[in-house]
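Observations on the three-dimensional arrangement
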Amino acid sequence: MAKGTTHSATKAEALKGRKWWLVDANDKTVGRLATRIATVLKGKHKPIYTPSMDTGDFVVVVNAGKARFTGKKETDKVFFTHTMHPGGEKLTPMDKLRARHPEDILLNAVRRMLPRSTLGRQMMTKLKVYAGEKHPHAAQKPEALQ
């Protein structure tokens with residue numbers, strides 16, 4: 001590559017270099033873990049990173065239900081959704097969400113760090129989050145992510 005030029009990855013390069021990573025969320029802070037996962041999903045950890053392409057890797061997260069928050073977020077944080085009808089706002093406290101769908105906490109954190117476009121939705125398909133220890137992706141031989 002000539003000096004002073006910018007390399008744009010091709011689709012073949014992006015697909016060829018994809019790896020599978022395994023993250024154990026046990027006793028990890030949600031925000032710091034989500035930023036690391038978002039970086040890997042985008043592909044910013046690779047030298048072939050191109051902003052307009054999906055050059056990222058697959059990430060499998062286990063023990064998502066055991067991830068923690070700092071400060072008083074565990075008791076005070078409320079998740080907001082809206083049905084798009086008048087008066088259709090739904091507020092879900094953290095403890096109820098953790099009891100029903102513990103993996104949704106980490107999924108929401110990562111989704112909100114990715115682009116709000118078709119590219120971001122494509123990146124989210126490479127994230128696999130499980131509340132417990134078991135996952136069905138052993139055949140892909142995921143490596144531990146530091």
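This report concerns the structure included in the present document. For clarity, every value in this text was computed on a predicted model and none was experimentally measured.

Describing the packing of aromatic side chains
- Counted by the stated rule, this structure contains 1 aromatic pair.
- Pairing W20 with F58 gives two aromatic rings, centres 4.4 Å apart and planes at 5°, and the pair type is stacked. One end of the pair, W20, is in strand β1 (residues 20-24); the other, F58, is in strand β2 (residues 58-62), and 38 residues separate them in sequence.
- Here K77 stacks its cationic end above the ring of F79, 5.4 Å away from the centre of that ring.

Looking at the pattern of salt bridges
- Applying the stated criterion to the full structure yields 7 salt bridges.
- Residues D54 and R18 are paired through a salt bridge, measuring 3.4 Å at the closest nitrogen-oxygen approach. Of this pair, D54 sits in the loop between α2 (30-42) and β2 while R18 sits in the loop between α1 (11-16) and β1, and the two are 36 residues apart along the sequence.
- Note on D54: relative accessible area 7%, which makes it buried.

Here we look at the packing of α2 against helix α5 (residues 103-111)
- Remark: α2 packs on α5, axes separated minimally by 9 Å, with the N-to-C direction vectors making an angle of 55°. The pairing of α2 with α5 is recorded here as oblique in orientation. For the pair α2 and α5, the crossing hand works out as right-handed. Residues V30, L33, A34, I37 and L41 of α2 touch α5, and the partners they reach there are I105, L106, A109 and V110.
- Classifying every residue of the contact of α2 with α5 by side-chain character gives 9 nonpolar, no polar and no charged.

The rules behind these values
Residues numbered from 1 in each chain as written. Predicted model: local features only at pLDDT ≥ 70, side-chain atom pairs only at ≥ 80, totals over all residues. Heavy atoms only, no water. Phe/Tyr/Trp six-rings, centres within 6.5 Å; stacked < 30°, edge-to-face > 60°. Helix = DSSP H or I, 4+ residues; strand = E, 2+ residues; numbered from the N terminus. Lys NZ or Arg CZ within 6 Å of the ring centre and 35° of its normal. Salt bridge = Lys/Arg side-chain N within 4 Å of Asp/Glu carboxyl O. Buried < 20%, exposed > 50% of the residue type's maximum accessible area, 1.4 Å probe, protein only. Axes fitted to C-alpha atoms, helices over the stretch in contact; angles between N-to-C directions. Parallel < 35°, antiparallel > 145°, perpendicular 65-115°, else oblique. Left-handed = near helix turned anticlockwise from the far one by under 90°. Contact = heavy atoms within 4.5 Å. Nonpolar A, V, L, I, M, F, W, Y, C, P; charged D, E, K, R; others polar.

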